[in-house]
Amino acid sequence: MVTSVSFVQERASTRKTPVQDAPAAKQAQYSQNSDRAAQLLMILNEHGPQGLALGRLAELVSAEKSAVHRSLQALRRHGLVVQAAQRGRYRLGPAALALGRFRTNPVERIRQWKPYLALLGREFRASAFLLERTGLDAIITDMYITDSRLPVLGHDGLGGRLPLGYGMGSTVILANQDPDNQLAILQANASRYQELNVDLEALQDLLDHVREAGYDSRRNAVIQGISGISLPILEGDGTCRAAVTVAKPTDELSDHETGQIVEKIRSYIEFLS
């Protein structure tokens with residue numbers, strides 16, 4: 001009899017009850033809900049202001065309408081999703097759009113990049129520059145100079161201004177503007193390009209090439225004997241207000257090192273983004 005009671009007690013102690021299973025089940029449900037919410041945000045981001053209907057969203061995330069509706073209501077409470085103009089459709093809300101529009105201010109960017117400009121300069125025995133867009137110009141906001149004899153575009157060095165499209169850093173910034181904005185800048189700066197002997201048609205071709213390549217790399221681009229590489233720093237919303245340039249004497253910059261510099265700057269941009 002004692003043995004029988006002991007066996008029953010042992011079985012009872014090892015059997016999981018619904019109460020014991022609840023935390024694990026709830027945790028799995030929370031994970032599933034989080035995944036679904038993330039999927040919904042990514043899908044709505046792809047469909048712009050017109051949004052999508054509940055039924056279509058349910059199809060795309062392979063879930064019941066009721067479950068998707070609950071996820072959408074939770075996202076709405078936080079401003080991440082709103083009703084679209086067309087009744088029954090949903091689109092991204094102001095909170096989600098604000099996340100995408102986050103931009104680093106120039107002072108914060110200088111603080112972020114100062115040690116990395118020094119790393120670039122020391123590793124490649126070159127000078128490194130940080131440029132920021134301001135209106136129709138790019139301004140040199142920070143730099144690390146390894147050879148004071150090398151001429152610097154903008155003449156004034158730190159704080160020097162260049163019209164967008166003149167010099168590699170300002171060229172990659174201009175190349176990564178939206179088409180309408182880029183055209184407006186080109187037209188506004190036309191007289192300045194003429195003074196600098198910049199061919200406008202050639203510049204437009206260069207902008208297309210730079211945007212497609214993702215960087216600007218030219219030998220003796222503006223100053224004879226000086227070559228360099230420049231990459232754009234893109235914001236969270238894909239816009240570009242800044243660039244990093246590494247420059248050194250042309251006869252000291254090999255094609256192999258050019259590739260190394262591109263990858264190094266790219267890795268720093270990715271790390272700091």
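Residues numbered from 1 in each chain as written. Predicted model: local features only at pLDDT ≥ 70, side-chain atom pairs only at ≥ 80, totals over all residues. Heavy atoms only, no water.

Can you help me understand the side chain of Asp142 in this one?
Within the fold, Asp142 resides in strand E5 (residues 137–144). Reaching out from Asp142, the side chain makes a polar contact with the side chain of Lys114 at a distance of 3.0 Å. Once residues lying within four places of it in the same chain are set aside, the contact partners of Asp142 are Ile110, Lys114, Leu117, Ala128, Phe129, Leu130 and Leu158. (Helix = DSSP H or I, 4+ residues; strand = E, 2+ residues; numbered from the N terminus. Polar contact = N/O pair within 3.5 Å; in protein donor to acceptor, adjacent residues only side chain to side chain. Contact = heavy atoms within 4.5 Å.)

I tried to follow the packing of helix H7 (residues 168–175) against helix H10 (residues 200–213) on my own but got confused; where do I start?
Two packed helices can be described by the angle between their axes and the distance between those axes. One can describe the packing of H7 onto H10 by two numbers: an axis separation of 9 Å at closest approach and a directional angle of 80°. In terms of orientation, H7 and H10 fall into the roughly perpendicular class. Judged by residue contacts, Thr171, Val172, Leu174 and Ala175 of H7 engage Leu206, Leu207, Val210 and Arg211 from H10. Residue classes in the contact of H7 with H10 are distributed as 6 nonpolar, 1 polar and 1 charged. (Axes fitted to C-alpha atoms, helices over the stretch in contact; angles between N-to-C directions. Parallel < 35°, antiparallel > 145°, perpendicular 65-115°, else oblique. Nonpolar A, V, L, I, M, F, W, Y, C, P; charged D, E, K, R; others polar.)

Sorry if this is basic, but what is going on with the pairing of strand E8 (residues 226–234) here?
Strand residues, when the strand is regular, have side chains that alternate between the two faces of the sheet. Of all the 9 residues making up E8, 8 are buried; the element is thus mostly covered by neighbouring parts of the structure. By the bridge criterion, 3 bridges tie strand E7 (residues 216–218) to E8 in an arrangement that is antiparallel. The residue bridging Asp216 from the neighbouring strand is Ser230, located in E8. Linking two consecutive strands that pair antiparallel, namely E8 and strand E9 (residues 240–249), is a turn of 5 residues; a positive phi of about 90° is found at Gly238 within it. (Buried < 20%, exposed > 50% of the residue type's maximum accessible area, 1.4 Å probe, protein only. Pairing = 2+ DSSP bridges.)

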